[in-house]
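Here is what each chain is made of, one letter per residue.
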Amino acid sequence: MDASAAACATASAAASAAAGATASAAASVDAGAADAARIDALLPQTQCTRCGYPGCLPYASAVAAGEAEINQCPPGGSATIQALAELLGREFLPLNPANGLESPPHVAFIDEERCIGCARCLAPCPVDAIVGAAKYLHTVLADRCTGCELCLAPCPVDCIEMRPSAAPVPAAPVPAAPLPAFNRRRYEAHSARLAAQAEERRKELAAMKAGAVSASRMPVP
């Protein structure tokens, strides 16, 4: 084999290896996404961030990637940990106390006499379960509240408290459970609304900037 033919063969082998590596990486990504989806389906979808991640799906992705343990979800508790252990073939671990303690389901309650209508609790709610407007009384839609507690810290007058949920909750989270699925849909709608608002604000600022630049270029009479 002459040098030219050898070079062609080497190049062909390198291209095949690169293509194989790309296909393997793509398959790995697809498998990771599928695992994350299956893990996410077992989570309670409270979006409370107590797991150390900004939501249930990011936590599920971290578990799928081996970057997080299966015992970091206080709302799901031991039932969720057991379900994840069975799904992933891992050993059951007790809930990590650093992430919180397991407790019965709770929902937020706003004391109407103390609420000042500051609206600071609205944005943190991941499922838009709090309704109200600035300078008006706010209230919690109990059937939508996930008990995430993210509304507590922003309240400047501590008029929000957590009370036991009167609604029945499935004994163990499973993919077909209606409550987690409902929570996920509400969270996705909330996230889409915030993204749309951010995009609208970006366009407004761009238009204002363009107008300011245009005005600065106008000749002074």
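Keep in mind the model is a prediction, meaning the values are calculated, not measured.

About the criteria used
- Residues numbered from 1 in each chain as written.
- Predicted model: local features only at pLDDT ≥ 70, side-chain atom pairs only at ≥ 80, totals over all residues.
- Heavy atoms only, no water.
- Helix = DSSP H or I, 4+ residues; strand = E, 2+ residues; numbered from the N terminus.
- Buried < 20%, exposed > 50% of the residue type's maximum accessible area, 1.4 Å probe, protein only.
- Contact = heavy atoms within 4.5 Å.
- Areas by Shrake-Rupley, 256 points an atom, 1.4 Å probe, with all protein chains shown as cover.
- Core = buried A, V, L, I, M, F, W, Y, C linked by side-chain atoms within 4.5 Å.
- Polar contact = N/O pair within 3.5 Å; in protein donor to acceptor, adjacent residues only side chain to side chain.
- Salt bridge = Lys/Arg side-chain N within 4 Å of Asp/Glu carboxyl O.
- Disulfide = S-S within 2.5 Å.

This part takes up the overall build of the protein. Within the protein one finds four helices and four strands. Every one of the 221 residues in the protein was classed for burial, and the buried ones make up 28%. For the protein, the proportion of contacts with a sequence separation of at least 24, taken over those separated by at least 6, is 59%. Accessible surface, the protein as shown: approximately 13200 Å² in total, 61% of it carbon and sulfur.

So, about the environment of leucine 137. The topology assignment puts leucine 137 in the loop between strand S2 (130–131) and strand S3 (139–140). Classification of leucine 137 by relative accessible area gives partly exposed; the value is 44%. When the C-alpha atoms of leucine 137 and alanine 119 are compared, they prove to be 8.9 Å apart, with 18 residues separating the residues in sequence. Apart from the residues within four sequence positions on either side, leucine 137 is in contact with Glu112, Cys115, Val131 and Gly132.

Counting 17 residues, the largest nonpolar core has Ile39, Leu43, Tyr59, Val63, Ala68, Ile70 and Leu84 as its most contacted members. When residues in this core are grouped by element, the largest group, five residues, is from helix H2 (residues 56–64). Excluding its chain neighbours within four sequence positions, the residues that come into contact with valine 63 are Ile39, Ala68, Glu69, Ile70, Leu88 and Arg90. Residues Ile110, Cys125, Cys159 and Ile160 belong to the second largest nonpolar core, which totals 15 residues.

Along the polypeptide, threonine 146 turns up in the loop between S3 and strand S4 (160–164). Judged by its relative accessible area of 14%, threonine 146 is buried. Of the polar contacts made by the side chain of threonine 146, one reaches the backbone oxygen of threonine 46; its length is 3.0 Å. When near neighbours in sequence (up to four residues on either side) are disregarded, threonine 146 contacts Gln45, Thr46, His106, Val127 and Asn183.

So, on to the pattern of salt bridges. Scanning the model with the defined rule gives seven salt bridges in all. Across the pair aspartate 40 and arginine 184 runs a salt bridge, and its minimum N-O distance is 3.2 Å. Of this pair, aspartate 40 sits in helix H1 (residues 3–40) while arginine 184 sits in helix H4 (residues 178–216), placing them 144 residues apart in sequence. Looking at aspartate 40, the relative accessible area reads 8%, which means it is buried. Judged by relative accessible area, which is 21%, arginine 184 ranks as partly exposed. With its nearest N and O atoms 2.7 Å apart, the salt bridge here joins arginine 202 to glutamate 199. Of this pair, arginine 202 and glutamate 199 both sit in helix H4, separated by three residues, roughly a single helical turn. Residue arginine 202 is classed as partly exposed on the basis of its relative accessible area, which comes to 48%. Take glutamate 199: its relative accessible area is 31%, and that puts it in the partly exposed class.

The next thing to look at is the state of the cysteines. Scanning all chains against the criterion turns up zero disulfides. Looking at the unpaired cysteine 118, the closest cysteine sulfur is the one in cysteine 155, lying at 5.9 Å. The partly exposed category is assigned to cysteine 118, whose relative accessible area is 31%. No disulfide involves cysteine 155; its sulfur sits 3.6 Å from that of cysteine 159, the nearest cysteine. Exposure remark for cysteine 155: the relative accessible area of 8% places this residue in the buried category.

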